[in-house]
Every structure is written in structure tokens, then in C-alpha cells.
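# Residue-level structural notes
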Amino acid sequence: MVGVGLFFLGNEGLARAWLDQYGLLALFSILILEGAMLLYFAPSESLVPIGVSLLAGPDDYFGIATVIGVAVVGATIGQYALFSLAKRGGREYLLSKSWFRVEERQLDRFDGWFQRWGRVVVPVSNALLFTRGMLTVPAGFADMRDWEFVVLSALGTLIFQSWLAAAALYVIDLGLLDFL
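Attention here is on the structure that accompanies the text. As the structure is a prediction and not an experimental result, all values here were calculated from the model.

## Quick word on the overall build of the chain
Along the backbone of the chain there are nine helices and zero strands. Traced from its N-terminal end to its C-terminal end, the chain shows the element sequence α-α-α-α-α-α-α-α-α. Expressed as a percentage of the 180 residues in the chain, the buried residues total 43%. Across the chain, the fraction of contacts at a sequence separation of at least 24, relative to all contacts at a separation of at least 6, is 70%. When the accessible surface of the chain is summed, it comes to about 9500 Å², and 65% of that surface belongs to carbon and sulfur atoms.

## A look at a nonpolar patch on the surface
A cluster of nonpolar side chains, contributed by Trp-113, Trp-117, Val-120, Val-124 and Leu-128, occupies part of the molecular surface with about 480 Å² of accessible area. If you trace the backbone, Leu-128 turns up in the loop between helix 7 (121–126) and helix 8 (136–141).

## Considerations on the packing of aromatic side chains
Tallied over the full model, the rule gives five aromatic pairs. Pairing Phe-83 with Phe-149 gives two aromatic rings, centres 4.2 Å apart and planes at 5°, and the pair type is stacked. With Phe-83 in helix 4 (residues 61–89) and Phe-149 in helix 9 (residues 146–174), this pair connects stretches of sequence that are 66 residues apart. We classify Phe-83 as buried; its relative accessible area is 0%. Feature note: the residues Tyr-80, Phe-83 and Phe-149 constitute an aromatic cluster, connected by ring pairs.

## Let's talk about the packing of helix 3 (residues 47–56) against helix 4
Following both chains from N to C, one finds helix 3 and helix 4 inclined at 140°, their axes separated by 9 Å at the closest point. Put simply, helix 3 runs oblique to helix 4. Judged by the twist between their axes, the crossing of helix 3 over helix 4 is right-handed. Between helix 3 and helix 4, the contacting residues are Val-48, Gly-51, Val-52, Leu-55 and Ala-56 on the first element and Gly-63, Ile-64, Val-67 and Ala-71 on the second. Per-class residue counts for the contact of helix 3 with helix 4 are seven nonpolar, two polar and no charged.

## What about unusual backbone geometry?
Positive phi values are uncommon outside glycine, yet Met-37 reaches one of about 60°. Looking at the secondary structure, you find Met-37 in the loop between helix 2 (12–35) and helix 3. Unlike most non-glycine residues, Asp-143 shows phi in positive territory, near 55°. Mapped onto the secondary structure, Asp-143 falls in the loop between helix 8 and helix 9.

## Brief notes about the environment of Ala-168
Among the structural elements, Ala-168 can be located in helix 9. For the pair Ala-168 and Ser-53, spaced 115 residues apart in the sequence, the C-alpha separation amounts to 7.2 Å. Setting aside residues up to four positions removed in sequence, Ala-168 forms contacts with Pro-49 and Val-52.

About the cut-offs
Residues numbered from 1 in each chain as written. Predicted model: local features only at pLDDT ≥ 70, side-chain atom pairs only at ≥ 80, totals over all residues. Heavy atoms only, no water. Helix = DSSP H or I, 4+ residues; strand = E, 2+ residues; numbered from the N terminus. Buried < 20%, exposed > 50% of the residue type's maximum accessible area, 1.4 Å probe, protein only. Contact = heavy atoms within 4.5 Å. Areas by Shrake-Rupley, 256 points an atom, 1.4 Å probe, with all protein chains shown as cover. Patch = residues over 30% accessible without salt bridge, like charges linked within 9 Å, V, L, I, M, F, W, Y side chains within 5 Å. Salt bridge = Lys/Arg side-chain N within 4 Å of Asp/Glu carboxyl O. Phe/Tyr/Trp six-rings, centres within 6.5 Å; stacked < 30°, edge-to-face > 60°. Axes fitted to C-alpha atoms, helices over the stretch in contact; angles between N-to-C directions. Parallel < 35°, antiparallel > 145°, perpendicular 65-115°, else oblique. Left-handed = near helix turned anticlockwise from the far one by under 90°. Nonpolar A, V, L, I, M, F, W, Y, C, P; charged D, E, K, R; others polar.

Below is the structure:
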């Protein structure tokens, strides 16, 4: 965030140095928070597109794959932390926490989806806007196996982050992010 801010304040050299040195670590850390549903300061859908535009570029396929990989691992770690908390702490524990932004009514709806469709909703929900990560908690309540949750969560996140990266590449190709 500081590096992006420096671009707008005019010190592009320092911003580029910080992004080159700390950009992937910052992306990783922010996506852990996003996966754990604790990200309040940036829309998660913007993270990979900005990462692709600032840390890789349209012709840097290894860089794009690295940004996607870092995003998938970070988000999966965050989701696994929330999954583990739901599994061990339970429903009432999570609902009593001020940082848990899901209301009981919403949680009832997500529980119903998990009960109706089963484990397949974990990767499907992670691959879609607006439901991303919402089935993490019901999966924990259902005592889903840890390794199974991690694999399914990572698969859905890989799909989500890949289409975000593709969208970013399309926008870059159109020249709409030239100001960065």
C-alpha cells in the first residue's frame, strides 16, 4: 500500500524499489487477511490485478504465475486459519467475536448451502465473487477433514485468482492501467 501511495506522490523510483523488494510479501500477507475474512481496507478483487500490473506485467508469464501462486497460498492459509477456528471454537464462539463480520442469518444460509450441496461448495464459493470464502466456516462446523478443505479451498482460489489475473491482463492490454 505504501509503495502504491509513493507512485501517486511522485517518488516512482523509491516506490518501484519497495515493490520489487516487498511486493510479493505484502501481497501474501494481505491475502492471508483476506482469506481469514479480516480484510477491511482493500477490496480483495483488486489485489491480484494490481499485483499483476505492478509486480509482473503482460509478458512476464513467470511473474504472473508467481503473483497467482502467492495469492493462492496466502488466501488458503487465511481460510485454513478461519476453518480451524470454526472447527475448534464453534458457531457461538465465532458469532460472539466483533471481528467476525457474518451475521447469524447469513451464517444460517451458508450452513444450508453446505448441508444441501456438500463439500463441492467450498471450491465453487471460492471461485465466485460475493460468496468467496463464505463456506469456510460451515466446512469447519461440519468437521471436514483438514487436508480436504485445504485442497478444495486452494482449487477454488486458484480459479478465482486466475480469472482476476486474466481480467487484469485484458485491462492492461486495453491500456487502462497505464497510470500505474
